[in-house]
Amino acid sequence: MTRSALLFYTGILILLGAAWGMTMPLTKIAVSTGYKHFGLLFWQMAIGTVVMTGVGLLLGKRLLLGRAQIRVYVLIAFIGSVLPNTASYQAAVHLPSGVMSILLSMIPIWAFPIALFLALDRFEWRRFCGLAMGLAAVLMIVLPGADMSGGIPVFWVCIGLISGLFYAFEGNYVARWGTAGLDAIQVLWGASIVGTLVALPLALGSGQWIDPGPPYGAADIAQVISATLHVIAYTGYVWIVGRAGPVFAVQISYLVTLFGIFWAWLVLSEAYPATFWAALGLMMIGMYLVQPRKASLEAGGMIRDSGR
């Protein structure tokens, strides 16, 4: 890669990380007025479907509808959207946006033991230390005596961690069983449609339906922007993986976390004690240590971070 190309792709990666990181404070705003998880989930999936349909048509894609492809759409919709996003929306009501960003940065750390369980990778002490540091970072936030523990409910921290576990399993599922010949755009497009169809009866049946009519408040605008940013950022991430390679693109994990905390400070005026910054430092080191080897990244095919 030439120096000019490196600078160009680095700039794109920073923009994508900033966009993805912004989704966390926007989620906090979306839940701040009483909107519930199933209602928010439906509109996130519906907006994602509209945007992905436009992207798919623009790129000349089409959805494959064989049995194997439909199975991929359904599985990715559940483990990559419906279940983790339901947990995230509920946890976001009770946790600061910056803490949610740290919890979601556990995705690559969770991915390591899952990969070992599925025999996709081999044990390495370096990556085990990264896993231990990630867990230590979480404990620094929630253990009694920590500066933040008085205002951080441990139960909702656990719920926030669940979403990261699902995202980590999603990436390992794709690496282990593939996507039935679908590229990343097709997978996200089909999964968004399935997620919309699943979330609609949940929103209606639970009484959590959100009326799309005016007037529109901050929560409505935040939800639309968040869903749109997520799809654009993910599409851009897939593009940069194809141009600059997965080893380069996976560094977006750090950017999403750091930008998530920065936007929370700027938009929500969140302030954090020293314990938070120590936990963030440990998490960054842990993320660095658990980064997969180049061969593992290339074998994985479609890599999906999270930074939702």
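Residues numbered from 1 in each chain as written. Predicted model: local features only at pLDDT ≥ 70, side-chain atom pairs only at ≥ 80, totals over all residues. Heavy atoms only, no water.

## Notes on helix α4 (residues 97–104)
Right, so step 1: Counted residue by residue, α4 has eight buried out of eight residues, so it is predominantly covered.
Right, so step 2: For α4, the set of buried residues is Ser97, Gly98, Val99, Met100, Ser101, Ile102, Leu103 and Leu104. (Buried < 20%, exposed > 50% of the residue type's maximum accessible area, 1.4 Å probe, protein only. Helix = DSSP H or I, 4+ residues; strand = E, 2+ residues; numbered from the N terminus.)

## Quick look at the packing of helix α5 (residues 107–117) against helix α6 (residues 125–142)
Right, so step 1: Here α5 crosses α6 at 130°, and the two axes come no closer than 9 Å. Classified by the angle between their axes, α5 and α6 sit oblique to one another. By crossing handedness, the relation of α5 to α6 is classed as left-handed. Residues Ile109, Trp110, Phe112 and Pro113 of α5 form the contact with α6, whose own contacting residues are Arg127, Phe128, Gly130, Leu131, Gly134 and Leu135.
Right, so step 2: Its residues placed into classes, the contact of α5 with α6 shows seven nonpolar, two polar and one charged. (Axes fitted to C-alpha atoms, helices over the stretch in contact; angles between N-to-C directions. Parallel < 35°, antiparallel > 145°, perpendicular 65-115°, else oblique. Left-handed = near helix turned anticlockwise from the far one by under 90°. Contact = heavy atoms within 4.5 Å. Nonpolar A, V, L, I, M, F, W, Y, C, P; charged D, E, K, R; others polar.)

## A short note on unusual backbone geometry
Right, so step 1: A cis geometry characterises the amide bond from Pro214 onward to Pro215, with omega recorded as 5°.
Right, so step 2: With respect to the helices and strands, the residue Pro215 is situated in the loop between α8 (184–205) and α9 (218–244).
Right, so step 3: Notably, Ala119 is not glycine yet its phi reads approximately 60°, a positive angle.
Right, so step 4: Position of Ala119 among the secondary structure elements: in the loop between α5 and α6.
Right, so step 5: The backbone phi angle of Ala180 is positive, close to 55°, even though this residue is not glycine.

## Details of the confidence of the model for the chain
Right, so step 1: For the chain, per-residue confidence averages 86 on the pLDDT scale, and residues scoring 70 or more make up 91% of the total.
Right, so step 2: Confidence, read as mean pLDDT per element, is least for helix α13 (residues 294–300) in the chain (46) and greatest for α8 (95).
Right, so step 3: Low confidence marks residues 295–308, where pLDDT is under 50. Its contacts with residues over four positions away, or in another chain, come to 43 contacts. (pLDDT = per-residue confidence, 0-100.)

## Topic: the environment of Ala271
Right, so step 1: Topologically, Ala271 is positioned in the loop between α11 (252–268) and α12 (274–290).
Right, so step 2: With 84 residues separating them in the primary sequence, Ala271 and Val187 have C-alpha atoms 38 Å apart.

## A few points about α12
Right, so step 1: Under the 1.5 Å per step criterion, the end-to-end length of α12 is 25 Å for 17 residues, consistent within 8% with the ideal 24 Å.
Right, so step 2: In this structure, the buried residues of α12 make contact with α4, α5, α6 and α11. (Expected span 1.5 Å × (residues − 1).)

## Considerations on the nonpolar core
Nonpolar side chains tend to gather and get buried jointly when the protein is soluble and globular.
Right, so step 1: In terms of nonpolar packing, the biggest core is built from 38 residues, with Leu95, Val157 and Met283 touching the most fellow members.
Right, so step 2: Contributing elements (two or more residues each) for this core: α3 (67–94), α4, α5, α6, α7 (154–177), α11 and α12.
Right, so step 3: For this core, the element with the most residues is α12, which contributes seven residues.
Right, so step 4: Non-local contacts of Leu95, meaning those with residues more than four positions away in its chain, are made with Lys28, Met100, Leu103, Ile152, Pro153, Trp156 and Val157.
Right, so step 5: Counting residues in hydrophobic clusters, the runner-up holds 24 residues, among them Leu16, Val55, Ala184 and Trp189. (Core = buried A, V, L, I, M, F, W, Y, C linked by side-chain atoms within 4.5 Å.)

## Description of a nonpolar patch on the surface
Right, so step 1: Taken together, Leu65, Ile70, Val74, Phe78 and Leu83 make up a surface patch of nonpolar side chains, about 410 Å² in accessible area.
Right, so step 2: Among the secondary structure elements, Leu65 is positioned in the loop between α2 (37–58) and α3.
Right, so step 3: Residue Leu65 is classed as exposed on the basis of its relative accessible area, which comes to 63%. (Patch = residues over 30% accessible without salt bridge, like charges linked within 9 Å, V, L, I, M, F, W, Y side chains within 5 Å. Areas by Shrake-Rupley, 256 points an atom, 1.4 Å probe, with all protein chains shown as cover. Salt bridge = Lys/Arg side-chain N within 4 Å of Asp/Glu carboxyl O.)

## Things to note about the packing of aromatic side chains
Right, so step 1: Counted according to the given criterion, the structure contains 18 aromatic pairs.
Right, so step 2: Here Trp125 and Phe128 contribute two aromatic rings whose centre-to-centre distance is 5.5 Å and whose plane-to-plane angle is 85°, an arrangement assigned as edge-to-face. Taken together, the residues span about one helical turn, with Trp125 and Phe128 both in helix α6 at a distance of three residues.
Right, so step 3: Its relative accessible area of 36% is what places Phe128 among the partly exposed residues.
Right, so step 4: Linked through ring pairs, Phe259, Phe262, Trp263 and Trp265 together constitute an aromatic cluster. (Phe/Tyr/Trp six-rings, centres within 6.5 Å; stacked < 30°, edge-to-face > 60°.)

## Topic: the pattern of salt bridges
Right, so step 1: Applying the stated criterion across every chain, the model contains four salt bridges.
Right, so step 2: Two residues, Lys61 and Asp183, come together in a salt bridge whose shortest N-O distance is 2.4 Å. Remark: Asp183 occurs in the loop between α7 and α8 and Lys61 occurs in the loop between α2 and α3; sequence separation between them is 122 residues.
Right, so step 3: On the basis of relative accessibility, which here comes to 26%, the residue Lys61 falls in the partly exposed class.
Right, so step 4: Look at Asp183 and you get partly exposed, because its relative accessible area is 25%.
Right, so step 5: For the salt bridge of Arg122 with Glu124, the shortest nitrogen-to-oxygen distance reads 3.7 Å.

## Details of the environment of Trp125
Right, so step 1: By relative accessible area, Trp125 is classed as exposed at 60%.
Right, so step 2: With 31 residues separating them in the primary sequence, Trp125 and Trp156 have C-alpha atoms 30 Å apart.

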